[in-house]
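# Descriptive structure summary
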Amino acid sequence: MYALIDGNSFYCSCERVFRPDLKTTAIVVLSNNDGCVVARTSEAKTLGIKMGVPYFQVRHLEKQGRLQVFSSNYELYADFSRRMMMTIASLVPAIEVYSIDECFADMTGMNNLAEHGRAIKARVMQWVGIPTCVGIAPTKTLAKFCNHLAKRYPDHFGGVVVWPDWSVKVQRRALASEPVSEIWGIGRRTAEKLNTQGIQTALDFMLADSATIRRRYGVTIERVQRELQGIPCDVLQLDIPQKKQLVRSRSFGQSVTELEDLQAAVTHHVSSAAAALRKEKTQAHILSVYILTNRFKEDEPQYNAGITVPMDDATDDTLALTSAALRGLAAIFRPGFR
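First, a word on scope: everything that follows refers to the structure included in this document. (Residues numbered from 1 in each chain as written. Predicted model: local features only at pLDDT ≥ 70, side-chain atom pairs only at ≥ 80, totals over all residues. Heavy atoms only, no water.)

We now examine the sheet that holds strand E4 (residues 68-71). With mixed pairing, three strands are arranged side by side in an open sheet as E3-E2-E4. Both outer strands of the open sheet, strand E3 (37-40) and E4, are each paired with one neighbouring strand and no more. Geometrically, the sheet is characterised by an average inter-axis angle of 25 degrees between neighbouring strands, direction not taken into account. Sheet topology places strand E2 (residues 27-30) next to E3; three bridges connect them, and they run antiparallel. Counted as the bridge partner of Val 28 is Arg 40 from E3. Here helix H1 (residues 10-18) sits on the sheet in contact with E2, E3 and E4, set at roughly 110 degrees to E2. (Pairing = 2+ DSSP bridges. Helix = DSSP H or I, 4+ residues; strand = E, 2+ residues; numbered from the N terminus. Axes fitted to C-alpha atoms, helices over the stretch in contact; angles between N-to-C directions. Contact = heavy atoms within 4.5 Å.)

This is the structure in structure tokens:
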């Protein structure tokens, strides 16, 4: 039995921890160059703000006082994520961190699943301040589906949906209520192909002929169907694969023109990345630096550049990495740009 625990509007919720006065205010968080919306609260969705919309298209709502806008702070969000995962892990035998704001938890052998789901939700809220939704089911795909329902109908389910608590009739009604595109593992193009074959809902997909699904879409999609049927095909992944890259990036609060200011920022970012390398017991053999102007200020001169600096030896040493980064920055810096 699996649970999928997901932080609601995670980046926005992290910001609300420090601003409880914004509990019912529409909030969005912007990408690391303040270019577009990467997170939004339900209140922001009500205003019609879409995920990925450019900031300049919603700036008028901010000026009207109807929207609160935050620049992304990924170090902060990563810290909240760590605390949230540790809190969940204190209540279950094992977890698999799936992304910064969600994880799968092992619920095998536990009784009163709904009560345990509510306990997880309550403890994360009390200890971390992040609201969550919990979906519990015999497969990871169904747990993800239950989480989706819990998030979509918070007032009805109270943030927790337990698949085994429903009769087969209710389960099928739930599957019939959602399009096939809402199934975890079914991408947009696959959903479009399934639609042309008369498979419109999650229930249609679950009841489709498995041999045909495998022949047309391969074994991976067949496994998704099996999981939707309650047959486990994916277990918890407890060994976290080593990262292939680390990125540290942030927009300035105001335009920067001096090399010294860029050097200070790059030095700060390298120090943070090097600390992460040492924590993960890994090293870097290539380092890249990039800078860019604000592309939305079309009346100003535009410039963007990047450079990759190979290290003589793989290293996690802050001084060696900083030296390489500053050499790269000096090579791409051009005066006269903001």
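This paragraph deals with the side chain of Lys 140. On the secondary structure map, Lys 140 appears in helix H6 (residues 140-152). Given the relative accessible area of 1%, Lys 140 is considered buried. Ignoring anything within four residues of it in the chain, the contact list for Lys 140 reads Tyr 2, Glu 96, Phe 104, Trp 184, Glu 227, Asp 234, Val 235 and Leu 236. (Buried < 20%, exposed > 50% of the residue type's maximum accessible area, 1.4 Å probe, protein only.)

Let us look at the nonpolar core. If you look at the biggest cluster of nonpolar residues, it comprises 34 residues, and the most contacted ones within it are Trp 163, Ile 186 and Phe 205. Mapped by element, the contributors of at least two residues to this core are strand E1 (2-7), strand E7 (132-137), H6, helix H8 (168-176), helix H9 (188-196), helix H10 (202-207), helix H11 (210-217) and helix H12 (219-228). With six residues, the single largest contributor to this core is H6. The residues contacting Phe 205, other than those within four sequence positions of it, are Val 180, Ile 183, Ile 186, Leu 194, Ile 199, Ile 213, Ile 221, Val 224, Gln 225 and Leu 228. (Core = buried A, V, L, I, M, F, W, Y, C linked by side-chain atoms within 4.5 Å.)

These figures come from the coordinates and say nothing about function on their own.
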